[in-house]
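Here's the letter readout for the chains.
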Amino acid sequence: MNRRDTFLAVLALAAVSLAAMAQPVAGVPRVGFLANGSAKASPSVDAFRKGLRDLGYIEGENIALEIRWAAGRFESMPELALELVRWRPDLLVAVVPQGLRAVRAATKSIPVVVIACDPAESVVENIARPSGNITGVTCMASDLTPKRLQLLKEAAPKIHRVAVLYNSFDPNKAEEVRQMHDVARTLGLSLLPVEIRDAGAIESALAGAVRARADALLVLNDPLLYQARRSIVELAAKHRLPATYAFREYVEAGGLMSYGTMQNDLFRRAASHVSKVLKGAKPAELPVEQATLFELVVNLKTARAMGLAISPTFLMRADSVIE
Amino acid sequence: MKYRWLLFPKYATLIISLVAGMLVASSVFSILFSYRETQEHLATLQNEKAGGAAARIEQYILDIERQIGWTALPGGDDDRDRMERRRIEYLKLLRQVPAITEVAWIDASGREQLHVSRLTMDRQRSGIDLSRQEKFVQASAGKTHYGTVHFLKDTEPYMTISRPAQGGGVTAAEVNLKFVWDVVSRIKVGKAGLAYVVDAGGSLIAHPDISLVLKKSNLMTLPQVSTMSKEPGASIGRDRFDQEVLSAHAPIPTLNWMVFVETPRSEMFEALYAPMLRAALLLIAGLVISIVAAYLLVRALVRPLLALQEGAARIGAGEFDRRIEMNTGDELDDLAGQFNQMGADLKASYAGLERKVAERTLELQHEQLRTKELLHNILPVEIAEELSATGGARSARHESVTILFTDFSGFTQAVSTMPADRMVAELNEIFAAFDDITDECGVEKIKTIGDAYMAAAGLPRPCADHGQRCIRAGLRMVAYLEHRNRSAAFKWSIRVGVHSGPVVAGVVGKRKYAFDIWGDTVNVASRMESAGEVGRVNISAYTYDLIQKDFECEYRGKVSAKGKGEIDMYFVKEPRSD
């Protein structure tokens, strides 16, 4: 019997070593995440984590996730990106153009999955065949700007002059605004570009626009403005400006309406890109994924507050109505 | 322990080869069947998945097509009003079907009148001429048109579906096909199994690896794709790396697409590792068990065999009382019983034999005794013994013996006056008495010749007093007859002659042999008798010399003896009394 036990033990050992050979013995993959929000509350990062979990990754078990929180301080991002690179990750996740810029400066070799809203073409040469080490998901925020303007006109048919608030940090925005003039014309509107460079300038800039007889507000999405959404929404209410935004978070904060991607969905889908890259896909072979789910969110409370009657046809279009 | 290397290897080999053979055979069969079952199971599973995917994709497309068809006929006469109603219908459609990104109404002349989009600004009365486009041509002919798959911004797969619109014209919708990808990429079979969709031309429509689709790959080179069987089924095909795959497919008839679900064939072999390991373990366990079983069996067999062997050996050595204790209750027990029975039988027959031998020996001894007695009656003891020991007796010369002769006087007259039988009876009685006398006196009876009785002393064993012995015998014979004559009807008288000298003694003849003596001494003794007187013992001078100091004798002088001339003779009177 003793001999048989020994034999079984040897057999088990052989089986174990076989199993060990079948799977790479290398340590768990390391993913560095350069986040814009703060560690306290970040639904998007939570959505990303959930996305990983859904794909079978368990943090600390078969994936190591290292997050650096910029907490809105974009100027800290280059340093945070370098920190992450020193951590020697297998992959980096970057959000917002500032984050992508920081990560690109820090590494040319580590694969990067970017979650960026604004023209993907500016960071990735061809979104179907991204060359280099970058791929990711894009929310098509800019592509939808004409649609947003149209929807704003539909919701508030009486408007004529629309203030366009944007952050000139993004060099593409000026061109975007220029193109929007044509769109506005077809809708019988005129645009009043309101350029800012920091959040502190918003209040006075908007006051200036109102003085210039702007009767509506179009906010071009930007991380900086996204962070300042509460004050923007308050200012819009204060000046009784029907306003449209890129994300529902503005509307939840009291904005009139938004049309755009669901951010959490975007972050969740970024996880599948991460998974593909970790499984050996080259970023250059993974097309940048475009958002396909858009939602129209309307805040009826805000509408009522500014005496705006929203037509039933328009409400029928809305995916989400905040009473 | 020699037996171990006889029975143990034999039985061990037999049992091990039986057990191992059975196990190997059963394992091979089970693995073979398990392989086929795995393949069948996988094929079934893949077929189901392919069929399911095809059904879902088709259902998805058909649902969208139906939804497009359900856009109600806008009522009212006012063209403006009708346009607005149609717009609302299309907005409803966008709400209900998230996959539709854009929907347009093309009027009967092929001009776009209404365009509602999720991505771009809505258009009305653009009047764009679409009359030459397939989506208009087919749909205006009353058929539903499914366009080819194209990619928005080179990443999002789209297909145009158009069908006749209620109230005239054509409704054309741009449908996002990501759902098809979701269906396809969600199909997981085994470890590396995957699903993909190709169109009728073999172009890849959906594949978990999106880049393959974007490269506009054509899979017509793969055997399973080029066959393009309309019937669902499974076959062995090859993937684009030329590895063998188990490929199942199901057509989507509406779209003329084909869903393939494939697994590398190597995975089927992996499914066999577990049964193979099981079989190996079973084989090892079987071998161990059979070795133990062989050992136990041989031990169980050899122990009683050894006991039998020992018992048989002991019985063979004569220990018939030995009993073999078995108590196994089987054939060996019976065998032991037979051994024991044999021992008992052997003992019984051996005892009978011994008894018979003893009886025969006793008989033989009796027989020998009688023969000896007979011989002793005929022959002197020494001669008889020599004869019975060696089968013959040597003649020997005896230098000094005494011979005694008796003869009845008047015997011839008596014979003629007496019946023969009476005569023999008389002689027998007298000679029997003489035999006793000679015996008692240590004289050897030699023979009787007619009525004469001859005896000798000093032979075959020499003795010093042979003369005295014969004299004593002669005197007693005379005295016996005197005594007998007092009461007997017939009165007998005898003459006794004794002479001493050398003789040759021996046994002659082959049958009825007789001890006899030869020599002149015998003749002289006979003369001494015939020259004697009735009732007297007549002795020669030779004898006289030997006995005169023991017996008183009366010298008779020289008496003529026939053929011997004159011889000194004496009558013995009586023993000297001292």
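Residues numbered from 1 in each chain as written. Chains lettered and ligands numbered in written order. Predicted model: local features only at pLDDT ≥ 70, side-chain atom pairs only at ≥ 80, totals over all residues.

Student: Whenever I open this one, the overall build of chain B confuses me. Can you help?
Tutor: Looking only at helices and strands, chain B features 14 helices and 20 strands. By sequence separation, contacts in chain B at least 24 residues apart represent 59% of the contacts at least 6 residues apart. (Helix = DSSP H or I, 4+ residues; strand = E, 2+ residues; numbered from the N terminus. Contact = placed C-beta atoms within 7 Å.)

Student: I would appreciate a short explanation of the packing of helix α7 (residues 265–316) of chain B against helix α8 (residues 331–378) of chain B in the present structure.
Tutor: The angle between the axes and the distance between the axes are what describe a pair of packed helices. Residues and elements named next belong to chain B. At a minimum axis distance of 11 Å, the contact between α7 and α8 shows a crossing angle of 5°. In this view, α7 runs roughly parallel relative to α8, as classed from their interaxial angle. Contact residues: α7 offers P304, L308, G311, A312 and I315, while α8 offers L332, L335, A336, F339, M342, G343 and L346. Grouping the amino acids of the contact of α7 with α8 by side-chain chemistry returns 10 nonpolar, two polar and no charged. (Axes fitted to C-alpha atoms, helices over the stretch in contact; angles between N-to-C directions. Parallel < 35°, antiparallel > 145°, perpendicular 65-115°, else oblique. Nonpolar A, V, L, I, M, F, W, Y, C, P; charged D, E, K, R; others polar.)

Student: Looking at this structure, how should I read the sheet that holds strand β4 (residues 112–116) of chain A?
Tutor: What holds strands together in a sheet is hydrogen bonding between their backbones, with the strands either parallel or antiparallel. Residues and elements named next belong to chain A. As summarised here, the arrangement of the six strands in space is β2-β1-β3-β4-β5-β11, forming an open sheet in which the pairing is parallel. The open sheet terminates on both sides in strands that have one partner only, identified here as β2 (64–69) and β11 (289–290). Of the pairings in the sheet, the one linking strand β3 (residues 91–95) to β4 comprises four bridges and is parallel in character. Bridge pairing links V93 to V113 in β4. (Pairing = 2+ DSSP bridges.)

Student: Help me understand the interface of chain A and chain B, please; the structure alone is not making it clear to me.
Tutor: The accessible area lost on association of the parts is a frequent measure of interface size. The interface is formed by 22 residues belonging to chain A together with 21 residues belonging to chain B. If you list the elements that add at least two residues to the side of chain A that touches chain B, you get α1 (2–22), α5 (145–155), β11 and α13 (312–317) of chain A.

Student: Can you walk me through the confidence of the model for chain B in this structure?
Tutor: Low pLDDT marks regions whose predicted coordinates should not be analysed in detail. Residues and elements named next belong to chain B. Across chain B, pLDDT averages 84, with 97% of residues at or above 70. When pLDDT is averaged over each helix and strand of chain B, the minimum, 73, is found for helix α5 (residues 210–214) and the maximum, 92, for strand β2 (residues 112–117). Across the whole predicted complex the pTM is 0.59, and at the interface the ipTM reaches 0.79. (pLDDT = per-residue confidence, 0-100.)

Student: Before we go on, may I ask you to explain unusual backbone geometry in this structure?
Tutor: Of all residues except glycine, most have a negative phi; of all peptide bonds, most are trans. For the peptide bond that leads from B:L459 to B:P460, omega is -5°, which places it in the cis range. Positionally, B:P460 belongs in the loop between β15 (452–457) and α12 (466–485). In this model, A:R213 sits at a positive phi of 65°, which is unusual for a non-glycine residue. With respect to the helices and strands, A:R213 occurs in the loop between α7 (202–211) and β8 (216–219). For A:R213, a count of 11 C-beta atoms within 10 Å puts it in the exposed group. (Buried ≥ 20, exposed ≤ 12 C-beta atoms within 10 Å, placed from the backbone.)

Student: Teacher, can you tell me more about the packing of α7(A) against helix α9 (residues 229–238) of chain A here?
Tutor: Residues and elements named next belong to chain A. The contact between α7 and α9 brings their axes to 10 Å, and the two run at 25°. The orientation of α7 relative to α9 falls into the category roughly parallel. Regarding α7 and α9, the two cross each other, and that crossing is right-handed. Counted together, I202, E203 and L206 of α7 and S231, I232 and L235 of α9 form the full contact between these two elements. (Left-handed = near helix turned anticlockwise from the far one by under 90°.)

Student: Help me understand the nonpolar core, please; the structure alone is not making it clear to me.
Tutor: One recurring pattern in soluble globular proteins is that nonpolar side chains are buried together. In this structure, A:L34, A:V162 and A:V164 are the most contacted members of the largest nonpolar core, which totals 97 residues. Domain assignment of the residues forming this core places at least three in each of domain 1 (30–139 + 262–292) and domain 2 (145–261 + 295–322) of chain A. With residues up to four places along the chain from it excluded, the contact list for A:V164 reads A:V177, A:M180, A:L191, A:L192, A:P193, A:V194, A:L218 and A:L220. Listed in part, the 62 residues of the second largest apolar core include B:A165, B:V180, B:V184 and B:L194. (Core = buried A, V, L, I, M, F, W, Y, C linked by C-beta atoms within 7 Å. Domains from an automatic or database assignment.)

Student: Would you explain the sheet that holds strand β9 (residues 204–206) of chain B in this entry?
Tutor: Residues and elements named next belong to chain B. Read from one edge of the open sheet, five strands run β9-β8-β12-β11-β10, paired in antiparallel fashion. At either margin of the open sheet sits one strand with a lone partner, and together these are β9 and β10 (233–238). The sheet shows a mean angle of 35° between the axes of neighbouring strands, taken without regard to direction. Relative to strand β11 (residues 244–252), β10 runs antiparallel, the two being bridged by six bridges. Its bridge partner lying in β11, G237 is registered against V245.

Student: Explain α7(A) here, please?
Tutor: Every α-helical turn comprises 3.6 residues, leaving residues that sit three or four positions apart pointing alike. All names here are of chain A. For α7, the set of buried residues is I202, L206 and A209. The buried residues of α7 occupy an angular sector of 55° when the element is viewed end-on, so they sit on one face. Within α7, the exposed residues directed more than 90 degrees away from the buried face are S204 and R211. Against the buried residues of α7 lie β6 (161–167), β7 (190–196) and α9. Among the residues trailing α7, R213 stands out with phi positive, at a value near 65°. (Arc of directions from axis to C-beta.)

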